[in-house]
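Chain by chain, the residues:
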Amino acid sequence: MKKNKDVIIETAIFMCGMLSIIFVISIFIFLFKEAISFFWDYNFIKFLIGKNWYPNSNKPLFGILPTIIGSFLVTFGACVVAVPIAVMSALYISEIAPKGVRNILKSLVELMAAIPSVVIGFIGIRTVVPFVKFFFNIPTGLTAFTGSIMLACMIMPTIITISEDAIHSVPWEYKEGAFALGATKWQTVRRIVLKEARPGIIAAVMLGIGRLVGETMAVMMITGNSANIPDSIFDPVRTMTATIASEMGEVVRDSAHYKALFAIGLVLFVITFIVNFIADLFLRKK
Amino acid sequence: MVDKIKVKNLSCYYNKKCVLESLDINIEQNKILSIMGPANSGKTTFLRTLNRMNDFNVNYLRKGEVYLDGYSIFCMNMENLRKRVGMLFAMPIPLPMSIYENIIYAPKCLNIILSKSEQNIIVEQALRDASLWDEVKDRLNSSAMKISGGQQQRLCIARILAVNPEIILFDEPCSGLDPISTAKVEESMIELKRKYTIVLVTNNVKQASRVSDKTAFFLMGKLVEINKTDELFVSPKKKQTEDYITGRFG
Ligand SMILES: Nc1ncnc2c1ncn2[C@@H]1O[C@H](COP(=O)(O)OP(=O)(O)O)[C@@H](O)[C@H]1O
Ligand SMILES: [Mg+2]
């Protein structure tokens with residue numbers, strides 16, 4: 001009797017596992033099928049490094065370089081803002097904060113992770129966008145910089161939570177060993193705690209990056225959504241995701257434009273896949 | 001005889017419960033003092049008070065004084081004190097790095113800037129003093145987690161020596177070791193007392209009699225007796241001491 005139950009549960013779990021693998025593979029095949037038929041007609045290299053995205057002109061051009069740069073700028077900017085703050089917050093929460101404060105902070109951070117990205121976009125439009133316009137005295141506040149700041153807010157909770165776990169799991173004995181040798185708290189944190197927690201922290205950052213690359217709503221609302229190569233981080237940009245999201249609704253089915261959007265999807269899929277894979281490598285190393 | 005450490009009327013508490021009661025002990029320079037006693041008699045607490053490792057514990061409270069070379073340790077800078085008073089724990093806990101890095105970690109950490117050749121000298125000297133050099137000299141860069149328990153314990157000793165302390169506290173350093181490794185650790189302890197003052201906590205009566213110059217017997221937070229090792233083992237003054245060393249309890 002017990003045996004049967006075990007077998008059933010095991011099979012169910014196995015099926016679920018297989019299902020998720022099948023999903024990922026089918027998504028890939030689906031994207032690949034549409035994208036590959038696009039590349040029959042359009043040169044892959046021209047697609048990747050083309051500077052112009054004119055999908056609706058008489059002789060359409062499908063260059064996604066501006067959107068790749070846009071995605072990269074926003075992602076990179078968000079990392080620069082988010083990573084130091086997030087890692088230091090994680091350190092504060094797990095190493096310095098008194099117990100009561102720690103519990104409150106942890107739940108607040110988890111709550112922050114639950115804010116939908118549209119809401120982040122709203123908040124950005126009402127606060128950061130006018131501020132950036134005014135402060136840097138530029139024609140529009142809808143820039144890559146603004147997007148970076150808002151996205152940083154969005155991924156910080158993820159990075160904080162995972163890094164905090166990594167930092168917290170450094171054995172107390174290692175720290176005690178360092179203290180017994182006369183190391184100060186800061187020396188111990190820097191030389192032992194951060195070193196030991198590094199794979200976890202890097203994985204946290206990679207997961208954050210994965211989320212950034214795929215993020216759509218907030219960036220669409222606050223980066224200006226203009227498909228030109230930006231001169232600086234204070235120019236409007238458009239990301240790959242925003243391109244798909246804003247054009248998919250109007251495109252003629254099975255047209256070259258339609259397929260081009262799938263091709264962007266494929267590029268995105270490959271990028272996030274690589275990022276997650278690297279994150280996994282670091283988590284595994286632990 | 002120079003007294004390196006003087007303990008005056010020291011009492012220690014966890015959560016207001018007294019675990020060490022009005023202790024007076026003098027620890028002589030370049031000697032080995034062993035402290036023996038059954039579990040929970042406050043031996044570890046005593047050691048952890050001497051280098052202030054218990055300052056991290058919010059439940060811990062202490063009364064009385066400890067003087068190192070005549071100065072109160074509780075008025076000293078905590079990190080400087082721990083550099084002077086090294087501590088070895090019961091479980092060997094190498095830091096998760098190579099053998100070489102384990103030893104050079106503390107000097108580096110203490111921001112003593114060193115050239116590579118100076119580092120090499122420190123590492124070799126520390127490993128030699130801990131009687132480990134011959135066993136690991138060919139694999140200094142392999143992980144410290146891969147060597148045997150006894151070697152790890154001696155590595156931890158070497159790690160302490162690299163900071164050049166004056167006093168080393170050993171907390172049951174051989175409790176997890178086989179007899180051969182134990183003999184090696186004891187050997188290096190006897191070597192060490194030429195340069196250092198040593199306090200050895202042990203639950204092994206024979207070990208106390210083998211290596212130490214003086215022996216103290218703790219029971220339930222009280223110092224029952226302290227005397228020269230030969231005298232204490234031959235003619236204990238207290239009944240409880242005699243019972244303990246003849247193995248009637250503990
Ligand atoms: N961190 C602690 N918090 C509360 N009580 C403790 C702590 N450490 C030790 N004790 C108590 O203090 C007493 C003495 O412990 P300890 O110094 O570890 O003795 P020993 O090393 O001789 O076995 C024991 O009763 C133990 O339960
Ligand atoms: Mg103990």
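Quick notes on the rules
- Residues numbered from 1 in each chain as written.
- Chains lettered and ligands numbered in written order.
- Predicted model: local features only at pLDDT ≥ 70, side-chain atom pairs only at ≥ 80, totals over all residues.
- Heavy atoms only, no water.
- Near = heavy atom within 4 Å.
- Polar contact = N/O pair within 3.5 Å; in protein donor to acceptor, adjacent residues only side chain to side chain.
- Areas by Shrake-Rupley, 256 points an atom, 1.4 Å probe, with all protein chains shown as cover.
- Helix = DSSP H or I, 4+ residues; strand = E, 2+ residues; numbered from the N terminus.
- Nonpolar A, V, L, I, M, F, W, Y, C, P; charged D, E, K, R; others polar.
- Domains from an automatic or database assignment.
- Contact = heavy atoms within 4.5 Å.
- Buried area = accessible area lost by both parts, 1.4 Å probe.
- Salt bridge = Lys/Arg side-chain N within 4 Å of Asp/Glu carboxyl O.
- Buried < 20%, exposed > 50% of the residue type's maximum accessible area, 1.4 Å probe, protein only.
- Pairing = 2+ DSSP bridges.
- Axes fitted to C-alpha atoms, helices over the stretch in contact; angles between N-to-C directions.
- Parallel < 35°, antiparallel > 145°, perpendicular 65-115°, else oblique.
- Left-handed = near helix turned anticlockwise from the far one by under 90°.
- Core = buried A, V, L, I, M, F, W, Y, C linked by side-chain atoms within 4.5 Å.

Trainee: Help me understand the site of ligand 1, please; the structure alone is not making it clear to me.
Mentor: Residues and elements named next belong to chain B. If you check the shell around ligand 1, you find Tyr 14, Lys 17, Val 19, Pro 38, Ala 39, Asn 40, Ser 41, Gly 42, Lys 43, Thr 44, Thr 45 and Asn 57 and nothing else. Side-chain polar atom of Thr 44 to an oxygen atom of ligand 1: 2.5 Å apart, as the coordinates give it. Considered on its own, ligand 1 offers 560 Å² of accessible surface; in the complex 67% of this is hidden by protein. Counting residues per element, the ones that place at least two in the shell around ligand 1 are β2 (17–28) and α1 (43–50). With three residues, the single largest contributor to the shell around ligand 1 is α1. Taken together, the residues that form the shell around ligand 1 break down as four nonpolar, six polar and two charged.

Trainee: Explain the domain arrangement of chain A here, please?
Mentor: Size of an interface: often given as the accessible area lost when the parts come together. Residue and element names in this part refer to chain A. By the assigned domains, chain A splits into domain 1 (2–41) and domain 2 (67–285). Centre-to-centre separation of domain 1 and domain 2, based on C-alpha positions: 28 Å. Domain 1 puts eleven residues into the contact, and the matching count from domain 2 is nine residues. Per-residue buried area on domain 1 facing domain 2 is highest for Leu 31, Glu 34 and Phe 38; these three make up 52% of the total on that side. For the interface between domain 1 and domain 2, the tally reads zero salt bridges. Inspection of the region where domain 1 meets domain 2 yields zero residue pairs in polar contact (both at pLDDT 80 or more). For the side of domain 1 that touches domain 2, the residue count by class is nine nonpolar, one polar and one charged.

Trainee: Sorry if this is basic, but what is going on with the interface of chain B and chain A here?
Mentor: Listed as interface residues are 25 residues of chain B and, on the opposing side, 18 residues of chain A. A buried area of about 1,800 Å², summed over both sides, lies between chain B and chain A, and 66% of it is on carbon and sulfur atoms. Taken as a group, B:Pro96, B:Tyr105 and B:Cys109 account for 26% of the area that chain B buries against chain A, more than any other trio of residues on that side. The interface formed by chain B and chain A includes one salt bridge. In this structure, B:Arg48 engages A:Glu176 in a salt bridge whose closest nitrogen and oxygen atoms are separated by 2.6 Å.

Trainee: Looking at this model, I keep getting lost on unusual backbone geometry. Mind explaining?
Mentor: Negative phi is the rule for most residues except glycine; trans is the rule for most peptide bonds. At A:Asn225, a position not held by glycine, the phi torsion is positive, near 55 degrees. Note on placement: A:Asn225 falls in the loop between α10 (217–222) and α11 (240–247). Positive phi, close to 45 degrees, is recorded for B:Met220, a residue that is not glycine. Within the secondary structure layout, B:Met220 lies in the loop between β9 (214–219) and β10 (222–228). For B:Met220, a relative accessible area of 70% gives the class exposed.

Trainee: So what exactly am I meant to see when it comes to the sheet that holds β9(B) here?
Mentor: The strands that make up a sheet pair up through hydrogen bonds in the backbone, lying either parallel or antiparallel. Residue and element names in this part refer to chain B. Here six strands make up an open sheet; going across it, the order is β6-β7-β8-β3-β9-β10 and the pairing mixed. Two strands in the sheet have a free side with no partner beyond their single neighbour: β6 (85–88) and β10. The mean angle between the axes of side-by-side strands here comes to 15 degrees, regardless of whether they run parallel or antiparallel. Two strands pair when backbone bridges link them, and β9 and β10 are joined in this way by six bridges, in the antiparallel orientation.

Trainee: Is there a simple way to think about α11(A) in this case?
Mentor: The periodicity of an α-helix, 3.6 residues per turn, causes residues three or four positions apart to be oriented the same way. Among the eight residues in α11(A), six count as buried, and that is most of the element. Those residues of α11(A) lying buried are A:Met240, A:Thr241, A:Ala242, A:Thr243, A:Ile244 and A:Glu247.

Trainee: Would you mind going over the side chain of B:Arg154 with me for this structure?
Mentor: All names here are of chain B. As for its position among the elements, Arg 154 is in helix α6 (residues 149–161). Exposure remark for Arg 154: the relative accessible area of 2% places this residue in the buried category. Within the structure, the side chain of Arg 154 is placed 2.9 Å from the side chain of Glu 135, a separation counted as a polar contact. Those residues in contact with Arg 154 that sit more than four places away from it in its chain are Ala 130, Ser 131, Leu 132, Glu 135, Lys 184, Val 185 and Ser 188.

Trainee: What exactly am I supposed to notice about the packing of α6(B) against helix α7 (residues 179–192) of chain B here?
Mentor: For any two helices packed against each other, one specifies the crossing angle of their axes together with the interaxial distance. Residues and elements named next belong to chain B. Taken N-terminus to C-terminus, the directions of α6 and α7 make an angle of 20 degrees; their axes are 9 Å apart at the nearest point. With respect to α7, the element α6 is oriented roughly parallel. In this structure, α6 meets α7 at a crossing whose hand is right-handed. Between α6 and α7, the contacting residues are Gly 150, Arg 154, Ile 157 and Leu 161 on the first element and Ser 181, Lys 184, Val 185, Ser 188 and Leu 192 on the second. Among the residues forming the contact of α6 with α7, the class breakdown is four nonpolar, three polar and two charged.

Trainee: Looking at this structure, I do not really get the pattern of salt bridges. What am I missing?
Mentor: Pairs may arise between side chains of opposite charge once their charged atoms sit close together. All names here are of chain B. One pass over the full model with this rule turns up 21 salt bridges over all chains. Two residues, Asp 129 and Lys 195, come together in a salt bridge whose shortest N-O distance is 3.0 Å. Taken together, the residues Asp 129 in helix α4 (residues 116–129) and Lys 195 in the loop between α7 and β8 (197–202) connect sequence positions 66 residues apart. Judged by relative accessible area, Asp 129 falls into the buried class, the value being 18%. A network of salt bridges, in which partner residues are shared, links Lys 4, Asp 69, Arg 84 and Glu 166.

Trainee: Is there a simple way to explain the nonpolar core in this structure?
Mentor: Side chains of a nonpolar character, in soluble globular proteins, are inclined to be buried together. Counting residues in hydrophobic clusters, the biggest one holds 113 residues, and the most contacted among them are A:Phe47, B:Tyr105, B:Leu127 and B:Phe170. Of all the elements, helix α12 (residues 256–285) of chain A adds the most residues to this core, at twelve residues. Both domain 1 (2–41) and domain 2 (67–285) of chain A contribute no fewer than three residues apiece to this core. When sequence neighbours within four positions are dropped, the list of residues in contact with B:Phe170 reads B:Leu47, B:Leu88, B:Ile157, B:Met189, B:Leu192, B:Ile198, B:Val199, B:Leu200 and B:Val201.

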